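Structure assessment
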Amino acid sequence: MPKCILPWISIETTPMGTMRACCLATNEIPDLNLNTHTLEDGFTSDYMKGLREAFRDGKEPGQCRNCWREEDAGKKSKRQYMLEKFKHIKVDWNNIEQGHGLQFLDLKLGNICNLKCRI
């Protein structure tokens, strides 16, 4: 049964203020933007609940096709890598409402501020 831990513990932001389940997801969370919504809104959105439900039910969500393609090609996908990286987190796969709580945040800041002052 293919599962990905990221919908249960993570969310990713884009430079335009939108949110996705991860950097490889092909779809953004619809109708949510960081200008008007919080990270928590995105993490607990119906979209993320549906993604968790699909994984819980053993489905391969279409928005995650980049990982499926990597795996079909015999490569280690981000899904597999993250399952291994976060294996210490005991996820309740049945909890599609809140996941396991936001624990991993992938911020994409864009190129307006490239943090050159810090790098």
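So, here's what we can say about the structure. (Residues numbered from 1 in each chain as written. Predicted model: local features only at pLDDT ≥ 70, side-chain atom pairs only at ≥ 80, totals over all residues. Heavy atoms only, no water.)

**Focus: the pairing of strand S1 (residues 10-13)**
For clarity, the cut-off: The buried label applies to any residue whose accessible area, calculated with a 1.4 Å probe on protein chains only, is under 20% of its type's maximum; exposed applies above 50%, and partly exposed to all values in between. Secondary structure elements follow DSSP: runs of H or I of four or more residues count as helices, runs of E of two or more count as strands, with numbering from the N terminus. Note on pairing: DSSP must find at least two bridges between two strands before they are called paired.
With burial as the criterion, each face of S1 is covered, one bearing Ser10 and Glu12 and the other bearing Ile11 and Thr13. Pairing of S1 with strand S3 (residues 104-106), which is carried by 3 bridges, proceeds in the parallel orientation. In the sheet register, Glu12 faces S3, and the bridge partner there is Asp106. Of the pairings in the sheet, the one linking S1 to strand S2 (residues 19-20) comprises 2 bridges and is antiparallel in character. By the bridge assignment, Glu12 is partnered in S2 with Arg20. The turn linking S1 back onto S2 is made up of 5 residues, and Gly17 within it adopts a positive phi angle of 95°.

**Remarks on a nonpolar patch on the surface**
Quick reminder of the rule: Any residue with relative accessible area above 30% and no salt bridge may belong to a patch, with like charges joined within 9 Å and the nonpolar Val, Leu, Ile, Met, Phe, Trp and Tyr side chains within 5 Å. We get accessible surface area from the Shrake-Rupley algorithm with a probe of 1.4 Å; when it comes to residues, only the shown protein chains can shield them. By definition here, a salt bridge exists when the distance from a side-chain nitrogen of Lys or Arg to a carboxyl oxygen of Asp or Glu is within 4 Å.
Residues Leu102, Leu105, Leu107 and Leu109 make up a contiguous nonpolar surface patch of roughly 340 Å² in combined accessible area. Structurally, Leu107 can be placed in the segment after S3.

**A few points about the state of the cysteines**
The following threshold applies: Cysteine sulfur pairs qualify as disulfides if the two atoms are within 2.5 Å.
Tallied over the full model, the rule gives 0 disulfides. Here Cys64 is not cross-linked by a disulfide; its sulfur's nearest cysteine counterpart is in Cys4, at 6.3 Å. What makes Cys64 buried here is its relative accessible area of 14%. Here Cys67 stays unpaired: no disulfide links it, and the sulfur of Cys22, its closest cysteine neighbor, is 5.8 Å away.

**Some details on the packing of helix H4 (residues 65-72) against helix H5 (residues 78-85)**
As a reminder, the rule being used: Fitted lines through C-alpha atoms serve as axes, helices being fitted only where they are in contact, and the angles separating the N-to-C directions of these axes extend from 0 to 180 degrees. Geometric relationships in this document are graded by angle, where less than 35 degrees denotes roughly parallel, more than 145 denotes roughly antiparallel, 65 to 115 denotes roughly perpendicular, and other angles denote oblique. Contacts are residue-level and defined by heavy atoms, with any inter-residue pair within 4.5 Å sufficient. Any residue that is not Ala, Val, Leu, Ile, Met, Phe, Trp, Tyr, Cys, Pro, Asp, Glu, Lys or Arg is counted as polar, Gly included; the first ten are nonpolar and the last four charged.
Put simply, H4 and H5 touch, their axes get as near as 8 Å, and they point 95° apart. Relative to H5, the element H4 lies roughly perpendicular. Between H4 and H5, the contacting residues are Cys67, Trp68 and Glu71 on the first element and Lys78, Arg79 and Gln80 on the second. A breakdown of the residues in the contact of H4 with H5 according to their chemical character gives 2 nonpolar, 1 polar and 3 charged.

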